[in-house]
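What the coordinates show
Read off the chains here:
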Amino acid sequence: MSSPFFGLDIALRGLYASQTAMNVIAHNVSNANTDGYSRQVVNISATDPFTNPSFYKPLSTGQLGTGAEVISISRMRDSRIELQIRNNVELVNEYESKAEVFSMMEAIFNEPGSVGLNSLIDDFFNQFNELSSAPESSVVRAQVRQSSESLTDYFNKLYGDLTDLSEDIDDNVRITVTGINSLLNQIGDVNQLITGIIPTGDDPNDLLDKRDYLLGQLSEYVGIDVSEQGDGAVNVYIGGRLVVQRDIVKELAVVDDTANYNYSAIKMADDLDGESVAVSGGEIKGLIDARDSSEFGVRHYINELDTLAYNLINKVNAQHRTGFGLDSVGNRNFFTPVSLQDASGSISLSAGILDPVNGLSRIAASSAAASVPGDGSNALLIAQLQNDVNAVGDASFNEYYVSLISQLGVYADIESNKVENQDFLLNQLYSMRDEVSGVSLDEEAAKLIMYQNAYNAATQVIQIMDDNYKLLIDMMS
Amino acid sequence: MRVTGQTLLRNSLRHIQNHFQTLSRNQEMLASGIRVAKPSDDPIAAQRILRWRKVEDGISQYQRNIDNAKIWMNTTESVISSVNGIVETIHELALQGGNSLVPDEVRSGFTNEVEALLKQVVSLANTAVDNNSLFAGHITDTKPFTVTTGAGGLITAVTYNGDGGQRNIEISEGNSFTVNSLGSNENDLTYNGVFRDNNLNIDVFQTLIDLRDDLAAGNVSNINDLRLPEIEEMMENLAVAQSTIGLKLNAITLSGDILSKELIDVQEEIANNEQSDYAKVVSDISYEQTLYQAALTSTGNLIQGSLFDFLR
């Protein structure tokens with residue numbers, strides 16, 4: 001036979017259960033807009049009934065229920081969606097950082113406007129063409145030198161801008177590595193806290209959310225692999241290297257790579273001479289590719305410009321050397337000869353042509369020493385180099401440049417489309433996550449009313465029980 | 001599907017953002033008039049624009065070359081036509097001088113006139129444009145013809161200082177055009193000379209010198225048998241030179257006209273690829289604006305309420 005106060009106990013348990021449930025709802029509502037928060041639910045279950053079957057059980061009808069209690073507070077999370085989100089975040093950020101670099105390069109080249117390298121090349125050759133029709137004119141000679149200087153200046157400017165861009169990218173790589181290290185340490189800290197709580201039987205919901213959030217942030221920077229351990233900790237791998245093992249963190253470091261234009265290479269901080277870490281996604285992968293790639297990186301465009309400048313220098317010089325200036329002297333270079341490496345950065349007119357007194361008369365417009373000054377045939381031959389279809393490899397100067405620009409356009413276009421597509425996919429995944437983890441205020445409000453009613457009912461029950469006891473006590477007094 | 005406030009907000013914001021982006025892109029196209037501002041806007045069109053620009057620049061240059069050539073050739077033509085006029089006067093003098101009925105003192109009176117005309121011809125043959133001698137081949141910085149004077153300041157010989165150089169300009173890709181006429185072909189017999197042509201045995205100066213001397217000496221038979229045929233041949237040569245230049249001028253003017261037409265075509269081609277289609281852009285903008293407004297309104301209404309508003 002149960003105690004006369006048993007009913008009071010049962011109602012009290014119900015009161016407590018509803019109270020906890022309302023507190024959890026309050027927590028959910030408070031965090032409705034918190035990044036990375038997963039909604040929490042209370043799991044209420046009936047308590048063990050009275051009495052347990054036993055040989056000595058009292059002689060009463062059973063079993064009698066004993067009320068309800070909160071057995072756990074758990075977060076709503078689908079780890080499969082989390083993984084997909086992380087993978088997509090990695091891709092979006094990789095594509096985004098690449099697309100950004102491409103759009104900067106487009107701004108640098110400033111095509112197809114009317115003032116880019118393309119029109120300066122036209123100008124350069126056209127002035128030689130003009131010179132061929134007026135080889136005696138010092139005005140035209142001055143124009144030839146002016147347009148040539150504009151051309152070399154613009155080559156130098158493009159080279160400088162692209163080099164600056166690649167250095168900016170490299171700075172960003174360094175900054176990103178610092179960000180990665182900070183996140184790794186935070187993840188290690190949270191790991192430690194979580195592994196301390198799990199053995200007590202509680203659910204560290206908010207810490208788990210925080211760790212998921214940190215992992216999400218990390219995947220914006222770099223591609224990661226995460227493996228969950230039995231004790232609640234996660235191990236994190238970057239490019240196959242173990243960087244977080246429970247609370248032990250191995251940081252990344254950058255070192256100047258002498259084999260790669262002194263750009264930053266990513267190493268393990270405790271093994272600076274070892275192999276570079278092969279990162280596989282995230283912003284840092286995009287940055288490194290945009291910097292180094294021999295197919296579409298900034299380096300590629302610098303190299304292509306170098307090739308263009310180098311061939312221009314050599315072809316024009318070779319033709320110029322066969323001609324004669326107004327002083328009937330031949331075998332002079334028009335440009336200063338340079339090596340292929342960084343040719344676009346070092347291209348300049350030769351000192352002889354730049355000479356303020358005699359420079360103009362040294363421009364070799366004539367084909368023979370005796371036919372000076374009325375012979376412009378060598379100037380015409382130089383002008384006709386523009387139509388040489390084998391000037392650079394198997395393309396003319398203009399064609400080579402045009403295909404470089406259209407290639408840049410195609411890459412920029414593809415990359416920004418990729419960002420758009422991946423963004424759309426990511427949005428879908430976020431919606432799927434919300435479906436499971438998101439806080440719906442309507443839902444919380446409805447539940448709040450539900451538990452409030454249950455709470456009210458439990459207090460009513462207590463009151464009635466209370467009345468009963470009063471009655472009993474009054475009768476006995 | 002369980003939809004939360006955040007899902008709604010994020011999706012709405014994304015769509016609003018998309019509409020706004022399209023709107024701003026269209027607005028940019030409208031304001032600048034340019035459809036392809038960077039290669040990635042339309043890589044194919046960007047490539048075409050760059051290619052056509054090169055053609056455009058080339059045509060402009062050929063047009064400038066033609067303009068320069070025209071100045072040169074027009075001057076050449078007027079010089080030759082003046083020389084032609086002088087030679088006609090000389091022809092008449094020679095005819096009169098060759099008439100045995102004309103008294104000797106009248107005949108010798110012609111010598112001064114011939115000498116003066118000879119000086120004029122030399123001066124015309126030394127004509128320069130912009131200090132560049134027209135008839136000197138490539139040696140444009142010197143006077144092509146210099147005179148040697150004898151007793152009494154009379155011209156006894158005229159020497160050619162030029163060469164056989166051809167002044168070629170490009171009037172379209174790979175097509176050269178010779179602009180100049182040689183004063184004398186004595187250095188290169190593959191071309192014709194205007195004043196002295198060794199292929200045709202024409203020498204304007206020598207003939208005039210001889211005529212002057214024959215007139216002075218009263219050598220009527222020389223005038224009739226040698227000078228008059230020489231003068232007639234030289235008149236024919238000058239006429240040929242003049243008409244050749246006229247024909248070349250016509251040809252080069254025609255080339256210029258063709259280039260002008262080509263330039264218009266090329267510029268149109270560039271515009272087609274580069275410039276915005278206003279009608280389309282404007283209608284796109286108003287369409288996007290409607291969508292944008294609708295999205296704003298509906299989102300504004302939706303995110304306002306929740307069940308909490310109804311709890312009392």
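Conventions adopted
Residues numbered from 1 in each chain as written. Chains lettered and ligands numbered in written order. Predicted model: local features only at pLDDT ≥ 70, side-chain atom pairs only at ≥ 80, totals over all residues. Helix = DSSP H or I, 4+ residues; strand = E, 2+ residues; numbered from the N terminus. Rg over C-alpha atoms; globule rule 2.2 N^0.38 Å. Buried ≥ 20, exposed ≤ 12 C-beta atoms within 10 Å, placed from the backbone. Contact = placed C-beta atoms within 7 Å. Domains from an automatic or database assignment. Expected span 1.5 Å × (residues − 1). Nonpolar A, V, L, I, M, F, W, Y, C, P; charged D, E, K, R; others polar. Pairing = 2+ DSSP bridges. Axes fitted to C-alpha atoms, helices over the stretch in contact; angles between N-to-C directions. Parallel < 35°, antiparallel > 145°, perpendicular 65-115°, else oblique. Core = buried A, V, L, I, M, F, W, Y, C linked by C-beta atoms within 7 Å.

If you tally the helices and strands in chain A, you get 12 helices and eight strands. Here the C-alpha radius of gyration of chain A, 38 Å, is well above what a compact globule of 477 residues would show, namely 23 Å. Seen through its C-alpha atoms, chain A measures out along the principal axes to roughly 145 × 45 × 35 Å. In chain A, buried positions account for 40% of the 477 residues. Sequence-distant contacts, at least 24 apart, represent 70% of the contacts inside chain A between residues at least 6 apart.

The next point concerns the overall build of chain B. Helix and strand counts for chain B stand at six helices and nine strands. Since a compact globule built from 312 residues should have a radius of gyration of about 20 Å, the 39 Å found for chain B marks it as more spread out than a globular shape. Taking the principal axes of the C-alpha coordinates as reference, chain B spans close to 140 × 30 × 30 Å. Split into buried and exposed, the 312 residues of chain B put 37% on the buried side.

Let's shift gears to the domain arrangement of chain A. Size of an interface, as often reported, equals the accessible area lost when the parts are brought together. What the domain assignment lists for chain A is domain 1 (6-76 + 438-476), domain 2 (82-105 + 170-295) and domain 3 (108-161 + 300-408). Placing the centre of domain 1 of chain A and that of domain 3 of chain A at their C-alpha centroids yields a distance of 89 Å.

With that settled, the discussion passes to helix α3 (residues 104-125) of chain B. Since there are 3.6 residues in each turn of an α-helix, residues three or four apart along the chain are aligned in direction. Residue and element names in this part refer to chain B. The end-to-end C-alpha separation of α3 is 32 Å, in line with the 32 Å expected for 22 residues at 1.5 Å each. Residues of α3 that are buried: R107, F110, V114, L117, L118, V121, V122 and A125. Considering only its buried residues, α3 is in contact with α2 (43-98), β3 (145-149), β4 (155-160), β7 (182-184), β8 (193-197) and α4 (204-217).

Contacts between the two partners involve 46 residues from chain A, matched on the other side by 46 residues from chain B. For the side of chain A that touches chain B, the element with the most residues is helix α11 (residues 397-437) of chain A, which contributes 15 residues. Its residues assigned to classes, the side of chain A that touches chain B comprises 16 nonpolar, 20 polar and 10 charged.

A few words on the sheet that holds strand β4 (residues 234-238) of chain A. Residue and element names in this part refer to chain A. The four strands lie next to each other as β3-β4-β5-β6, forming an open sheet whose pairing is antiparallel. Both outer strands of the open sheet, β3 (225-228) and β6 (248-249), are each paired with one neighbouring strand and no more. Seen against the sheet, helix α4 (residues 138-197) touches β4, β5 (241-245) and β6 and runs at an angle of roughly 45° to β5.

A few words on the packing of helix α3 (residues 117-133) of chain A against α11 of chain A. Residues and elements named next belong to chain A. Packing of α3 against α11 brings their axes to within 10 Å, and their N-to-C directions diverge by 175°. Considering their axes alone, α3 and α11 lie roughly antiparallel with respect to each other. Residue-level inspection shows L117, N118 and I121 of α3 in contact with α11, the latter providing F397, N398, Y401 and V402. Class assignment of the residues belonging to the contact of α3 with α11 gives a composition of five nonpolar, two polar and no charged.

The omega torsion of the bond from E111 of chain A to P112 of chain A falls at 0°, within 30 degrees of zero and hence cis. Assignment of secondary structure puts P112 of chain A in the loop between α2 (79-109) and α3. Note the cis peptide between V372 of chain A and P373 of chain A, where omega equals 0°. With respect to the helices, strands and loops of the structure, P373 of chain A is situated in the loop between α9 (351-354) and α10 (377-384). The residue N262 of chain A is not glycine, and still its phi comes out positive at about 60°. What makes N262 of chain A exposed here is the crowd of 12 C-beta atoms within 10 Å. Within the chain, N201 of chain B stands out as a residue other than glycine whose phi angle is a positive 55°. Tracing the backbone through its elements, the reader meets N201 of chain B in the loop between β8 and β9 (202-203).

A word on the sheet that holds β9 of chain B. Residues and elements named next belong to chain B. Spatial ordering of the open sheet is given by β7-β8-β9, a layout of three strands whose pairing is mixed. The open sheet is flanked by β7 and β9, the only strands paired with a single partner. Relative to β9, β8 runs antiparallel, the two being bridged by two bridges. When the sheet's bridge partners are listed, R196 is paired in β9 with D203.

Before going further, it helps to spend a moment on the environment of L8 of chain A. Residues and elements named next belong to chain A. Relative to the helices and strands, L8 is located in helix α1 (residues 6-30). By the C-beta count within 10 Å, which is 17 here, L8 ends up partly exposed. Separated by 457 residues in sequence, L8 and M465 have C-alpha atoms that sit 6.1 Å apart. In this structure, L8 is in contact with I462 and M465, ignoring residues within four places of it in sequence.

Time to look at α3 of chain A. In a regular helix each residue adds 1.5 Å, so 17 residues correspond to 24 Å; α3 of chain A covers 25 Å between its end C-alpha atoms and thus fits that length. Of all 17 residues in α3 of chain A, 15 are buried; the element is thus mostly enclosed.

Of all five residues that make up β8 of chain B, five are buried, and the element is covered over most of its length. Between β8 of chain B and the antiparallel strand that follows it, β9 of chain B, lie four residues; N201 of chain B among them carries a positive phi value of about 55°.

It is worth spelling out the environment of A17 of chain A at this point. Residue and element names in this part refer to chain A. Along the chain, the position of A17 falls in helix α1. When the C-alpha positions of A17 and N110 are compared, they lie 68 Å apart, and in sequence the two are 93 residues distant. Sequence-distant contacts of A17, defined by excluding residues within four places in its chain, comprise I44, A68, E69 and V70.

Right, let's talk about the nonpolar core for a bit. One finds V298 and A309 of chain A together with V114 and L208 of chain B to be the most contacted residues of the largest nonpolar core, which totals 150 residues. Each of domain 2 (82-105 + 170-295) and domain 3 (108-161 + 300-408) of chain A contributes no fewer than three residues to this core. Excluding its chain neighbours within four sequence positions, the residues that come into contact with L208 of chain B are I90, V114, L118 and V121 of chain B. Grouped together as the second largest cluster of nonpolar side chains are seven residues, A17, A21, I25 and Y451 of chain A included.

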